[in-house]
Amino acid sequence: MSDEKLYIVLMGLPARGKSTLAMRLRDAFRKDGISTRIFNNGKLRRIYLPLDETARSEFYSAENSAAVELRKGFARMNMERAKAYLRNSGQIAILDATNAGRERRATIEKYLNDHSLFFIECINDDEDILNLSIREKIKLPEFSHIKDKAATEFLKRIDYYRMIYIPLKVERNYIRIDSLQNMIIEEKHSDAIPFYDRLRDYLVTDEVKNLFLIRHTETEYNLMNRIGGDPPLTEKGKAQATALGLFFKKKKLSYIFTSKKMRTIDTAKVICEMQDNCRIIPLKEFDEIKAGICERMTYGDIEKNMPHVFKKRGTNKYHYVYPDGESYETMKPRIIQGVKKAFFLNKRADNIMIVGHQAVNRMILSHFLYRREDDVPYIYIPQDRFYHIVSTQDKKLFELKRYD
Ligand code: F6P
């Protein structure tokens, strides 16, 4: 067991980000010159069985003995393939499946006993993310013939897995990870695991190949210096959105994440329309800083009618909490949560776009580019330019670019 070969076995309910994680790990290891391959049970199922059979939830019931045998067969097939891969030139085999029950994992441990074995359990119970993930999943060809019932069937499938689900505990080596936060919840390793430090590092690192961080284009409130609210775009704002759309036409965007506010959605709509296959996902986490009692006021009104608010905020902008509203500091957790959600949903796509607001974009930028807290509320967020951010293991890039 001292050789440098490793089985990584994923585990978790459906729609918990296992496949995304598998791909992330594979890409990271390959970049380091370590030959890595994914063995996915669902993929075999979709190749060998008619899709209308496997889309129905009953296929995943523990009572359906014929289907249980079929699923065991695919698991076996992948174990054999993984074993053969490591016997030859492969160094890491990633087995991607739910592996929810202890019995299945015991079989894996028994059969894959020629090299180190490491389990990773993906946990994520964020309702919102789950619903969004399911909405995306049911767009796959597998569900095309049961369109209306697809979401219910998928939820039932999850329930069937939940019935046999036993978290990792007795296994010798494992990590239990919050797959939305990229945070380790628990780890145990009884054996020396090859590539362990690297694996751990890849698990917790937020990587982004290309993040295009855009501020919504001009609104009627911007013209008046009025804050908050839910104003529409001006004619100039619409023209700016068109210019953005044309600029990004050649870059493939699968999703554009926005806030729930009209100005970000309307900017994104124009960009999206010029893409081949793009969807807008509004997240409340990206809503602009809540100005509480100052919502919809101009900065001039605040200075005149609430001089204490104006003064206090001016002297300590990062920490100042608007009465009944937020500060930069208090909105930070929800913005980070939004970034995590966007990354989770965007899967491994190369390009990710967020159309946000002035304060929101400052916060997002400071998540990737270290800034002193006091400086964050003053980061320049213009409407005629956007930020391009690359943050990977071997590359960091921040550039402010014009789009017209
Ligand atoms: O003015 C536009 C705006 O997005 C407001 O809605 C928001 O209150 C403000 O920017 C945030 O910027 P600052 O923290 O500089 O007031």
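Note that the structure is a prediction, hence the values are computed from the model and not measured.

Participant: Got a minute to help me understand the packing of helix 2 (residues 41-48) against helix 4 (residues 65-87) in this structure?
Facilitator: Helix packing for two helices is described by the angle between their axes and how far apart those axes are. Running from N to C, helix 2 and helix 4 cross one another at 120°; their axes reach a closest spacing of 9 Å. On the basis of their axis angle, the class for helix 2 and helix 4 is oblique. Every pair of crossing elements has a handedness; the one defined by helix 2 and helix 4 is right-handed. Facing Asn41, Leu44, Arg45 and Tyr48 of helix 2, the residues of helix 4 in contact are Phe74, Ala75, Met77, Asn78 and Arg81. Of the residues that constitute the contact of helix 2 with helix 4, the class distribution is five nonpolar, two polar and two charged.

Participant: So what exactly am I meant to see when it comes to the site of the ligand here?
Facilitator: Lining the immediate environment of the ligand, one finds Arg215, Ile227, Gly228, Glu288, Ile289, Tyr299, Arg313, Lys317, Tyr328, Gln358, Ala359 and Arg362. Taking glutamate 288, its side chain carries an N or O atom lying 2.5 Å from an oxygen atom of the ligand. In this structure, an oxygen atom belonging to the ligand sits 2.8 Å away from a side-chain N or O atom of arginine 313. When residues in the shell around the ligand are grouped by element, the largest group, three residues, is from helix 15 (residues 358-368). Looking at the shell around the ligand residue by residue, the classes come out as five nonpolar, two polar and five charged.

Participant: I would appreciate a short explanation of the side chain of asparagine 41 in the present structure.
Facilitator: Here asparagine 41 lies in helix 2. By relative accessible area, which is 13% here, asparagine 41 ends up buried. Of the polar contacts made by the side chain of asparagine 41, one reaches the side chain of asparagine 78; its length is 2.7 Å. When residues no more than four places from it in sequence are discounted, the contact partners of asparagine 41 are Phe74, Ala75, Asn78, Asp96, Ala97 and Arg104.

Participant: Please explain the pairing of strand 4 (residues 116-123) as it appears in this structure.
Facilitator: With eight of eight residues buried, strand 4 is to be regarded as a mostly interior element. With six bridges connecting them, strand 1 (residues 6-11) and strand 4 associate as parallel partners. Its bridge partner being in strand 4, methionine 11 is matched across the sheet by glutamate 121. The pairing of strand 4 with strand 5 (residues 173-178) spans five bridges and is parallel. Paired with glutamate 121 across the two strands is arginine 176, which belongs to strand 5.

Participant: Please clarify how the packing of helix 4 against helix 5 (residues 102-111) should be interpreted in this entry.
Facilitator: It is at 11 Å that the axes of helix 4 and helix 5 come closest, and there the two elements cross at 25°. The angle between the axes of helix 4 and helix 5 places the two elements in the roughly parallel class. Here the hand of the crossing between helix 4 and helix 5 comes out right-handed. Taking contact as the criterion, the partners of Arg71, Lys72, Ala75, Arg76, Met79, Glu80 and Lys83 in helix 4 are, on helix 5, Glu103, Arg104, Thr107, Ile108 and Tyr111. Partitioning the contact of helix 4 with helix 5 into residue classes produces four nonpolar, one polar and seven charged.

Participant: Would you mind going over the sheet that holds strand 5 with me for this structure?
Facilitator: The mixed open sheet is built from six strands, whose spatial order is 2-3-1-4-5-6. Pairing within the sheet leaves two strands with one partner each, and these edge strands are strand 2 (36-40) and strand 6 (183-189). This sheet shows a mean twist of 20° between the axes of neighbouring strands, independent of strand direction. Packed onto the sheet, helix 2 meets strand 2 and strand 3 (92-96) and runs at close to 55° relative to strand 2.

Participant: Before we go on, may I ask you to explain the domain arrangement of the chain in this structure?
Facilitator: Quoted interface sizes are often the accessible area lost when the parts come together. For the chain, the domain assignment lists domain 1 (2-204) and domain 2 (208-402). A C-alpha centroid distance of 35 Å is found between domain 1 and domain 2. The interface is formed by 21 residues belonging to domain 1 together with 14 residues belonging to domain 2. Both sides of the domain 1 and domain 2 interface together cover about 1600 Å² of buried area, and 54% of this is carbon and sulfur. Considering only the side of domain 1, the residues that lose the most area to domain 2 are Thr20, Glu136 and Leu180, jointly responsible for 28% of the buried surface there. Seen at the junction of domain 1 and domain 2, the total is five salt bridges. Between aspartate 394 and lysine 31 there is a salt bridge, with the nearest N and O atoms lying 3.7 Å from each other. Of the residues belonging to the side of domain 1 that touches domain 2, the class tally is six nonpolar, six polar and nine charged.

Rules used throughout
- Residues numbered from 1 in each chain as written.
- Predicted model: local features only at pLDDT ≥ 70, side-chain atom pairs only at ≥ 80, totals over all residues.
- Heavy atoms only, no water.
- Axes fitted to C-alpha atoms, helices over the stretch in contact; angles between N-to-C directions.
- Helix = DSSP H or I, 4+ residues; strand = E, 2+ residues; numbered from the N terminus.
- Parallel < 35°, antiparallel > 145°, perpendicular 65-115°, else oblique.
- Left-handed = near helix turned anticlockwise from the far one by under 90°.
- Contact = heavy atoms within 4.5 Å.
- Nonpolar A, V, L, I, M, F, W, Y, C, P; charged D, E, K, R; others polar.
- Near = heavy atom within 4 Å.
- Polar contact = N/O pair within 3.5 Å; in protein donor to acceptor, adjacent residues only side chain to side chain.
- Buried < 20%, exposed > 50% of the residue type's maximum accessible area, 1.4 Å probe, protein only.
- Pairing = 2+ DSSP bridges.
- Domains from an automatic or database assignment.
- Buried area = accessible area lost by both parts, 1.4 Å probe.
- Salt bridge = Lys/Arg side-chain N within 4 Å of Asp/Glu carboxyl O.

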